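Report on the structure
Residue strings, one per chain:
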Amino acid sequence: MNFIVEWVSFFVLEQIENEANKQLKIAKVLNRDEYEQSELKAFLEGEFKRIAKRKVDRNPLHDAGGTKLGQFILEPGHPLDSNPNYGQFKRLLQAVTKDEIRTRSNEILQAYLKTPQVRAGVLLFVKARLEKLEDDFLFILKCDFEQKTAVITDEKSLLSNLEMAIHAKNMKSVMFPFMEEEGMTDPYYVKIHQFSHARYFEEFLRAIEYPQTITEIVSQEVISLAKQHIEMVYPEDSPERQQEEEAIELIAASPKRELSEKWEHETVMEAMHIITDQQPEIEIKFKLDHMLVKAMLSDYGSQLHIAKIKGRYVVVLEGEGLEFEKGFSPIEFLKPKALHELVTEIEQRATEAAMNPGINDRVQPGEGNETSFSSDDQDDTPPGK
């Protein structure tokens, strides 16, 4: 995969002293020959291929990924050209003369400068052609200035500070149109990449939206199934039905939830199968007191089980192999007891706790790490040490 640069529109943005605003310091347009002779070619060598090959999911698992697929927002019945961001990209790709390129790229630059939290740096607009296939692409690249950067210069001064140093390591990028694979492009989508927690590189493209994450899709599916269950169980307009519907809305809006104990195991299994048939890689995470359990949703009912013994929740993880990592602990020498013996012990402890309130009170450990079953109060030191 080789990209041939047709032109580069180059802007340097600097911080206005004692202000949050940025101002344009340098603006220059390079044609293909000028780019080939410039230092930019060495700086950007391989970046276009890297951006094009960077993996992106139409529906990512969560919203925290650095690379996203944006979709141009369209009103029903309106063509793609009606989207203002698409129009800007298309006009810039069609620009031929240096004046046209500078004017069209400056339109996008001005929208970018109005976005909060923009940092000083270099903003590049690049038209590149995919060799052999003749596909044209627009790349928008942003490199923020690095702080306290120094280079070795000569024997006399030794070090020289660079106030305007950039590198491609954390470069933000936009690629239009989206290339699913070589020879296959989708003009309705644009690929955006940035690692920064400040999402201003996404925010300045106001007419682009981002598809739902798998987590959001599954959450909506669960709420839909819950509402269907309510409709089947409770009579229409009954107080019980209204109460259950309100409870579901509260559950959907809550960031943290406790086990509601509303559905029988068979109902949960049916809902789980509906979801995992569509999204087999869905994870499930929950906390049992201070312990974090992490598994696949499809594990429920086969390798992950939840039960209740005299008011206490019990999570059973079933499998053929038990593997330990990192810290060495005495648990690794355990000869497991039979499950019925463990259940008997749990019942006895629950009975004693009910008869003697406070007997099991203790200081809870801190937050557990994200392991399949973790607790920070473990001590890996052997007895007697």
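Now for a description of the structure that goes with this document. (Residues numbered from 1 in each chain as written. Predicted model: local features only at pLDDT ≥ 70, side-chain atom pairs only at ≥ 80, totals over all residues. Heavy atoms only, no water.)

The helix and strand tally for the chain stands at ten helices and 17 strands. The buried share among the 385 residues of the chain stands at 33%. A sequence separation of at least 24 residues applies to 59% of the contacts in the chain between residues at least 6 apart. When the accessible surface of the chain is split by element, carbon and sulfur atoms take 50% of a total near 25,100 Å². (Helix = DSSP H or I, 4+ residues; strand = E, 2+ residues; numbered from the N terminus. Buried < 20%, exposed > 50% of the residue type's maximum accessible area, 1.4 Å probe, protein only. Contact = heavy atoms within 4.5 Å. Areas by Shrake-Rupley, 256 points an atom, 1.4 Å probe, with all protein chains shown as cover.)

We now examine the sheet that holds strand 3 (residues 67-72). The strand order across the open sheet built from eight strands is 2-1-4-5-8-11-3-12, with neighbouring strands paired in antiparallel fashion. The strands lining the two open edges of the sheet, one partner per strand, are strand 2 (22-31) and strand 12 (208-209). As paired elements, strand 1 (residues 3-15) and strand 4 (residues 121-130) share ten bridges and run antiparallel to each other. For Trp 7, the partnering residue across the bridge sits in strand 4 and is Lys 127. Sitting on the sheet, helix 4 (residues 84-94) touches strand 1, strand 3, strand 4, strand 5 (135-144), strand 8 (172-176), strand 11 (189-193) and strand 12, and the angle it makes with strand 5 is about 105°. Against the sheet, helix 5 (residues 98-113) touches strand 1, strand 2, strand 4 and strand 5, its axis set at about 50° to strand 1. (Pairing = 2+ DSSP bridges. Axes fitted to C-alpha atoms, helices over the stretch in contact; angles between N-to-C directions.)

Within the fold, Ser 173 resides in strand 8. Dropping the residues within four chain positions of it, Ser 173 is found in contact with Ile 51, Arg 54, Ile 140, Leu 141, Lys 191, Ile 192, His 193 and Phe 201.

Going through the model one piece at a time under the given rule, you end up with 13 aromatic pairs. Where Phe 89 meets Phe 176, the ring centres are 5.4 Å apart and the plane angle is 45°; that geometry is what we call tilted. With Phe 89 in helix 4 and Phe 176 in strand 8, the pair connects residues that are 87 residues apart, well separated along the chain. For Phe 176, a relative accessible area of 5% corresponds to the buried category. Following the ring pairs from residue to residue traces out a cluster consisting of Phe 3, Phe 48, Phe 137 and Phe 139. Sitting above the plane of the Tyr 210 ring, Lys 68 keeps its charged end 5.7 Å from the centroid. (Phe/Tyr/Trp six-rings, centres within 6.5 Å; stacked < 30°, edge-to-face > 60°. Lys NZ or Arg CZ within 6 Å of the ring centre and 35° of its normal.)

On to a nonpolar patch on the surface, then. A surface patch of nonpolar side chains, about 450 Å² in accessible area, is lined by Leu 322, Phe 324, Ile 331 and Leu 334. Relative to the helices and strands, Leu 334 resides in the loop between strand 16 (312-317) and helix 10 (339-355). Assessed through its relative accessible area of 59%, Leu 334 is described here as exposed. (Patch = residues over 30% accessible without salt bridge, like charges linked within 9 Å, V, L, I, M, F, W, Y side chains within 5 Å. Salt bridge = Lys/Arg side-chain N within 4 Å of Asp/Glu carboxyl O.)

Phe 89 and Ile 140 are the most contacted members of the largest nonpolar core, which totals 29 residues. Discounting residues that sit within four places of it in the chain, Phe 89 has contacts with Phe 72, Ile 108, Leu 138, Ile 140, Val 174, Phe 176, Val 190 and Leu 205. Core analysis: the next-biggest nonpolar cluster, separate from the first, contains 27 residues, Ile 51, Ala 52, Ala 120 and Phe 137 among them. (Core = buried A, V, L, I, M, F, W, Y, C linked by side-chain atoms within 4.5 Å.)

What follows deals with the packing of helix 7 (residues 214-233) against helix 8 (residues 239-253). Contact geometry for helix 7 and helix 8: axes closest at 10 Å, N-to-C directions at 170°. Here helix 8 runs roughly antiparallel to helix 7, going by the angle between their axes. For the pair helix 7 and helix 8, the contacting residues are Ile 223, Ala 226, Lys 227, Ile 230 and Glu 231 in the first and Arg 241, Glu 244, Glu 245, Ile 248, Glu 249 and Ala 252 in the second. Classifying every residue of the contact of helix 7 with helix 8 by side-chain character gives five nonpolar, no polar and six charged. (Parallel < 35°, antiparallel > 145°, perpendicular 65-115°, else oblique. Nonpolar A, V, L, I, M, F, W, Y, C, P; charged D, E, K, R; others polar.)

The next point concerns the pattern of salt bridges. Oppositely charged side chains can form a pair if their charged atoms are brought close together. In total, this model carries 22 salt bridges according to the counting rule given. For Asp 99, the salt bridge identified is with Arg 102, shortest N-O distance 3.4 Å. One end of the pair is Asp 99 and the other is Arg 102, both in helix 5 and three residues apart, which spans about a single turn. Given the relative accessible area of 55%, Asp 99 is considered exposed. The network of salt bridges with shared partners includes Arg 119, Lys 142, Asp 144 and Lys 172.

Over its 16 residues, helix 5 extends 22 Å from the first C-alpha to the last, a length consistent with the 22 Å expected when each residue adds 1.5 Å. Taken together, the buried positions of helix 5 are occupied by Ile 101, Ser 105, Ile 108, Leu 109 and Tyr 112. Of the surrounding elements, those touching the buried residues of helix 5 are strand 1, strand 2, helix 4, strand 4, strand 5 and helix 6 (200-203). (Expected span 1.5 Å × (residues − 1).)

We now examine helix 7. Look at helix 7: 29 Å from first C-alpha to last across 20 residues, which is about the 28 Å you get at 1.5 Å a residue. Of the residues making up helix 7, those classed as buried are Ile 214, Val 218, Leu 225, Ala 226 and Ile 230. One side of helix 7 carries all its buried residues, which in axial view fall inside an arc of 150°. Next to the buried residues of helix 7 lie helix 8 and helix 9 (265-278). (Arc of directions from axis to C-beta.)

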